[in-house]
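# Examination of the molecular architecture
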2 protein chains.
Amino acid sequence: MTQRRNQLPTREELRVWRDFIETTEALRAELASRLQSESSMSPGDYAVMLALSEAEGRRLRSSELAASIGWERSRLSHHLGRMERRGLVRRENCTTDNRGAEILLTTEGADAFRRTSIPHLRAIREFFVDALSPDQITAAGDLAATLRNHLDQLRAQR
Amino acid sequence: MTQRRNQLPTREELRVWRDFIETTEALRAELASRLQSESSMSPGDYAVMLALSEAEGRRLRSSELAASIGWERSRLSHHLGRMERRGLVRRENCTTDNRGAEILLTTEGADAFRRTSIPHLRAIREFFVDALSPDQITAAGDLAATLRNHLDQLRAQR
DNA sequence: GGAACATAATTGACATGTCAATCATTTCTC
DNA sequence: GAGAAATGATTGACATGTCAATTATGTTCC
């Protein structure tokens, strides 16, 4: 087997990498900007509200919520503080574990999520789905799965 | 032609979208974390230093630099302030336009960039290039180009 | 039961990003 | 050439993200 550890990407591989990462970044920024101007929501707000709205009783333990959207707990804690100030969520003490907190979507939060959802899905269609052929959608899914797998493997090695 | 304006993504299209955007985000975060722990640099630092190191005389007008890395000027201005405090870049008055500023890489900045570059390229190979088959690299490039094109077209319509 | 350790969540400090407002200078137009 | 408009860049306010430290409670084990 060839020793790869010290090889660097070729010029072409690097070009693809830059295109790929810059484009996905531009896409993310565009969707975020849409969401903000149409609904005064950030992608973070949306992720939190989506997870809560799908949860049993519209409530989750803080750490479950963090796991479900793949955030560090500290990040979530800061974000929940901001959302709580805006009246979108509320924190309650957990009855089964006094260390824990339960996060729940307020009525106001649930309404906001409903109003946000359709325009956001439309934007995803417009910027992502409409851009790609069915084959390209499949390819995007494969690519994501492959990259995610590889990432998980590298992390597991540590 | 079918009216698409109000159609929403299918469940499958949405799954691909989430996989895709979350995976690219995880990839971005992983590379950023590497760069930070190995070299005390952020991706932003790297982008700025790369553009400057490739520029004539290792200097660029602030707005040229912004265009070359695709940033808003305000973002760049804040970032340059932080990099200047760390001694990586310097700002000088522009001789041909008194409003303008020229940004230049200090010797220290150029050294830092050299030290950072190889490990960063290795990380790109490890997390991206090594994960994908040659065909998948090609597919990633196509995908990026298609998405970028579509994005530019939508923006041009406004 | 109590010391040692693990777990849940928050906090503070700070880097990064966006937006709107500002300031200085240049360019345009008459 | 004077006033209006455009351009280059910075600033301030604030949202977001990361990291390390802290607080409080739970669990283990003797």
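Here, every reference points to the structure presented above.
Residues numbered from 1 in each chain as written. Chains lettered and ligands numbered in written order. Predicted model: local features only at pLDDT ≥ 70, side-chain atom pairs only at ≥ 80, totals over all residues. Heavy atoms only, no water.

### Structural notes on the interface of chain B and chain A
Note the cut-off: It only takes one pair of heavy atoms within 4.5 Å for two residues to be counted as in contact. Summed over both partners, the accessible area (1.4 Å probe) lost when two parts come together is defined as the buried area. Here, a salt bridge means any Lys or Arg side-chain nitrogen found within 4 Å of an Asp or Glu carboxyl oxygen.
On the side of chain A, 52 residues touch chain B, which itself brings 52 residues to the contact. Summed over both sides, the interface of chain B with chain A buries roughly 5300 Å², with 71% coming from carbon and sulfur. Broken down residue by residue, the surface that chain B buries against chain A is led by Trp17, Arg125 and Leu147 of chain B, which jointly contribute 11%. Summed over the shared surface of chain B and chain A, the number is 2 salt bridges.

### Topic: the pattern of salt bridges
Quick reminder of the rule: Where helices and strands are cited, they refer to DSSP runs of H or I of at least four residues and of E of at least two residues respectively, numbered from the N terminus. Only protein chains enter the accessibility calculation, which uses a 1.4 Å probe; a residue is then buried when its area is under 20% of its type maximum, exposed when over 50%, and partly exposed in between.
Summed over the entire model, instances satisfying the criterion amount to 29 salt bridges over all chains. With its nearest N and O atoms 2.6 Å apart, the salt bridge here joins arginine 59 of chain A to glutamate 102 of chain A. Highlighted residues: arginine 59 of chain A in strand 1 (residues 59–61) and glutamate 102 of chain A in strand 3 (residues 101–105), separated in sequence by 43 residues. Using a relative accessible area of 31% as the deciding quantity, one classes arginine 59 of chain A as partly exposed. Among the ionic pairs, arginine 91 of chain B bridges to glutamate 84 of chain B, the shortest N-O distance being 3.1 Å. Since its relative accessible area comes to 32%, arginine 91 of chain B is described here as partly exposed.

### Regarding the protein's contact with DNA strand D
Going by this rule: Put simply, a residue is near a molecule or strand once any heavy atom of it comes within 4 Å of that molecule or strand. We define a polar contact as two N or O atoms separated by no more than 3.5 Å, with the added condition that, inside protein, one atom must be a possible hydrogen donor and the other a possible acceptor, whereas residues neighbouring each other in sequence contribute only through side-chain atom pairs.
Close to DNA strand D lie 21 residues; Ser74 and Arg82 of chain A together with Ser63, His78 and Arg99 of chain B are nearest. Taking the atoms of DNA strand D that fall within 4 Å of the protein, sugar and phosphate contribute 59% of them. Contacts to DNA strand D include serine 74 of chain A, whose side-chain N or O atom sits 2.5 Å from a base nitrogen. With respect to DNA strand D, the side chain of histidine 78 of chain B contributes an N or O atom lying 2.6 Å from a base oxygen.

### Some thoughts on the relation of the copies chain B and chain A
Our working definition: Residues below a pLDDT of 70 in either copy are left out; the C-alpha atoms of the rest, at least 70 in both, set the least-squares superposition of the copies.
Superposing chain B onto chain A requires a rotation of 180° together with a translation of 0.0 Å along the rotation axis, leaving an RMSD of 0.0 Å. The two molecules are tied by a two-fold rotation axis, judged by turn and shift. Mapped onto chain A, 100% of the interface residues of chain B are again interface residues, and the two copies thus contact each other with one and the same surface.

### Some remarks on the nonpolar core
To keep it simple, the criterion reads: Definition used in this section: a nonpolar core is a set of buried Ala, Val, Leu, Ile, Met, Phe, Trp, Tyr and Cys residues joined via side-chain atoms within 4.5 Å.
By size, the foremost hydrophobic cluster in this structure holds 92 residues, and its most contacted members are Val48, Leu65 and Phe128 of chain A together with Val48, Leu65 and Phe128 of chain B. Apart from residues no more than four positions distant in its own chain, phenylalanine 128 of chain A is found in contact with Leu27, Ala123 and Ala140 of chain A together with Val16, Trp17, Phe20 and Leu147 of chain B.

### Focus: the protein's contact with DNA strand C
What counts is decided by this rule: Charged residues are taken to be Asp, Glu, Lys and Arg, nonpolar residues to be Ala, Val, Leu, Ile, Met, Phe, Trp, Tyr, Cys and Pro, and polar residues to be all remaining types, Gly included.
As a structural note, the neighbourhood of DNA strand C is formed by 21 residues, with Ser63, His78 and Arg91 of chain A together with Ser74 and Arg82 of chain B the closest of them. A share of 60% is what sugar and phosphate atoms reach among the atoms of DNA strand C within 4 Å of the protein. Listed by contribution, the elements that provide at least two residues to the surface near DNA strand C are helix 3 (62–69) and helix 4 (73–85) of chain A together with helix 4 (73–85) of chain B. Looking at the surface near DNA strand C residue by residue, the classes come out as 1 nonpolar, 11 polar and 9 charged.

### Some thoughts on the environment of threonine 24 of chain B
Structurally, threonine 24 of chain B is set in helix 1 (residues 11–39). Assessed through its relative accessible area of 5%, threonine 24 of chain B is described here as buried. Spatially, the C-alpha atoms of threonine 24 of chain B and threonine 106 of chain B are 33 Å apart, while their sequence positions differ by 82 residues. Each residue touching threonine 24 of chain B, except ones within four places of it in the same chain, is listed here: Phe20, Ile21 and Thr24 of chain A.

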